[in-house]
Amino acid sequence: MDNQKVILITGCSSGFGLLAAARLAAQGHFVWATMRDLSKKAALEEELTKRNAVAVIRGLDVTKPSTIKTVIEEIQKTHFHIDVLINNAGFGIAGFFEDLSEEEIRAVMETNFYGVQNVCREVIPLMRKRTSGKIINISSIAGQVATPCLSAYNTSKWALEAFSESLYYELGLFGISVVLVEPGSYPTQIFTKPAHFSKNFDNAQSPYFSFSQKIKDVSKNAIGKLTRNPEEVAKLIENIVNNPHPRLRYVSDFSSWARVMAQKILPTNITAHIFRRILYANK
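Values in this document were obtained by computation on a predicted structure and should not be read as measured data.

A.B. asks: Sorry if this is basic, but what is going on with the overall build of the protein chain here?
C.D. replies: For the protein chain, the helix and strand inventory stands at 10 helices and seven strands. At 19 Å, the protein chain has a C-alpha radius of gyration in line with the 19 Å of a compact globule built from 283 residues. Projected onto its principal axes, the C-alpha positions of the protein chain cover 60 × 40 × 35 Å. Relative to its 283 residues, the protein chain shows a buried fraction of 47%.

The structure is reproduced here in structure tokens:
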């Protein structure tokens with residue numbers, strides 16, 4: 001491959017991170033695939049074997065700067081630089097605000113927002129010295145449209161969007177691209193495995209209990225109908241990696257783009273009316 005890039009990816013134990021790592025490695029790039037828990041690397045190894053690809057797999061917890069430094073030091077010793085950083089590590093938690101503890105909210109922010117900043121803080125100086133590089137932050141359409149019961153997740157992604165847009169302007173001064181990828185709903189483990197619910201989500205004494213259960217039922221039904229292939233997002237990431245002049249934002253599919261546009265165009269009271277109809281249905 002003529003244009004091999006050194007690529008660091010976080011959150012590669014499943015989902016978009018796993019698929020992007022395997023896809024990019026199969027294209028001949030030097031991929032450093034990281035994950036918080038190395039005991040979960042089997043799925044990635046299997047995918048790499050399937051694609052006849054090779055990647056370096058390392059443990060990295062975005063909430064622990066020491067683990068970030070260790071991996072980046074190893075990359076520097078091997079390649080002397082990093083061409084592309086893909087910040088994919090993240091998780092969500094469902095729960096109405098009053099059912100969420102401060103600890104639960106902070107945990108989401110530590111990974112989805114501060115975790116991205118932790119990795120960027122270590123990688124940006126390397127890119128700035130070479131006046132080149134690309135940072136791809138995996139956000140969500142939840143970073144553009146808010147919904148009830150996801151305030152913690154929405155907040156983390158809205159913060160990521162603002163941070164990334166500011167970086168886009170700041171790092172452009174040094175020839176570094178910053179890109180946001182905004183997927184909608186895909187059948188990845190964040191949806192198909194038992195969802196992250198707040199500790200009080202199923203508390204029958206909560207004033208939000210009936211609404212929480214309604215959202216759980218609606219979500220299960222929607223998840224069962226998900227047909228989009230998460231490989232679409234991995235392919236989009238690959239296209240961005242190969243694009244010398246990417247734009248700031250990419251929504252992954254048309255239906256998600258339509259969802260974002262609809263909420264931006266519709267008056268807020270209309271959106272609220274739609275949510276109320278869903279939450280009060282059969283009540």
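Here the narrative resumes, following the displayed structure.
A.B. asks: Got a minute to help me understand the state of the cysteines in this structure?
C.D. replies: Note: disulfide means a covalent bond formed between the sulfur atoms of two cysteine side chains. Taken as a whole and assessed by the stated rule, the structure comprises zero disulfides. Summary of cysteine pairing: Cys120 is not part of a disulfide, and the nearest cysteine sulfur, belonging to Cys12, is at 15 Å.

A.B. asks: I keep staring at the sheet that holds strand 4 (residues 84–87) and nothing clicks. Help me out?
C.D. replies: Whenever strands of a sheet pair, they do so through backbone hydrogen bonds, lying parallel or antiparallel. Judged by pairing direction, the sheet is parallel, and its seven strands sit side by side in the order 3-2-1-4-5-6-7 without closing on themselves. Looking at the sheet topology across the chains shown, the edges are occupied by strand 3 (56–59) and strand 7 (249–251). Each neighbouring strand pair of the sheet contributes to a mean axis angle of 20°, computed without reference to strand direction. Of the pairings in the sheet, the one linking strand 1 (residues 6–9) to strand 4 comprises three bridges and is parallel in character. Counterpart to Ile7 in the pairing with strand 4 is Val84.

A.B. asks: Help me understand the packing of helix 4 (residues 102–130) against helix 5 (residues 151–171), please; the structure alone is not making it clear to me.
C.D. replies: For any two helices packed against each other, one specifies the inter-axial angle together with the distance between the axes. Between helix 4 and helix 5, the shortest axis-to-axis distance is 8 Å and the interhelical angle comes to 20°. In terms of orientation, helix 4 and helix 5 fall into the roughly parallel class. Crossing hand, helix 4 versus helix 5: right-handed. Of helix 5, the residues touching helix 4 (which contributes Ile105, Val108, Met109, Asn112, Phe113, Val116, Gln117, Cys120 and Ile124) are Ala152, Tyr153, Thr155, Ser156, Lys157, Ala159, Leu160, Phe163, Leu167 and Leu171. Its residues placed into classes, the contact of helix 4 with helix 5 shows 14 nonpolar, four polar and one charged.

A.B. asks: For this particular structure, what's the right way to read the packing of aromatic side chains?
C.D. replies: Centre-to-centre distance and the angle between the planes together describe a pair of aromatic rings. On inspection of all chains with the given rule, the structure shows five aromatic pairs. With a centroid separation of 5.5 Å and 80° between ring planes, the pair formed by Tyr168 and Tyr169 is classed as edge-to-face. We classify Tyr169 as exposed; its relative accessible area is 51%. Here Arg247 stacks its cationic end above the ring of Tyr250, 4.0 Å away from the centre of that ring.

A.B. asks: Help me out: how do you make sense of the nonpolar core in this one?
C.D. replies: If you look at soluble globular proteins, the nonpolar side chains tend to sit buried side by side. Leu44, Ile86, Ile136 and Ile237 are the most contacted members of the largest nonpolar core, which has 32 residues in total. Taken together, the elements giving at least two residues each to this core come down to strand 1, helix 1 (15–26), strand 2 (30–35), helix 2 (42–50), strand 4, strand 5 (133–138), strand 6 (176–182) and helix 8 (231–242). Ranked by residues supplied to this core, first place goes to helix 1 with eight residues. With residues up to four places along the chain from it excluded, the contact list for Ile136 reads Val84, Leu85, Ile86, Asn87, Val179, Val181, Ile237, Ile240 and Val241. Among the nonpolar cores identified, the runner-up in size contains 30 residues, and Leu8, Val62, Ile68 and Phe163 belong to it.

Cut-offs applied
- Residues numbered from 1 in each chain as written.
- Predicted model: local features only at pLDDT ≥ 70, side-chain atom pairs only at ≥ 80, totals over all residues.
- Heavy atoms only, no water.
- Helix = DSSP H or I, 4+ residues; strand = E, 2+ residues; numbered from the N terminus.
- Rg over C-alpha atoms; globule rule 2.2 N^0.38 Å.
- Buried < 20%, exposed > 50% of the residue type's maximum accessible area, 1.4 Å probe, protein only.
- Disulfide = S-S within 2.5 Å.
- Pairing = 2+ DSSP bridges.
- Axes fitted to C-alpha atoms, helices over the stretch in contact; angles between N-to-C directions.
- Parallel < 35°, antiparallel > 145°, perpendicular 65-115°, else oblique.
- Left-handed = near helix turned anticlockwise from the far one by under 90°.
- Contact = heavy atoms within 4.5 Å.
- Nonpolar A, V, L, I, M, F, W, Y, C, P; charged D, E, K, R; others polar.
- Phe/Tyr/Trp six-rings, centres within 6.5 Å; stacked < 30°, edge-to-face > 60°.
- Lys NZ or Arg CZ within 6 Å of the ring centre and 35° of its normal.
- Core = buried A, V, L, I, M, F, W, Y, C linked by side-chain atoms within 4.5 Å.

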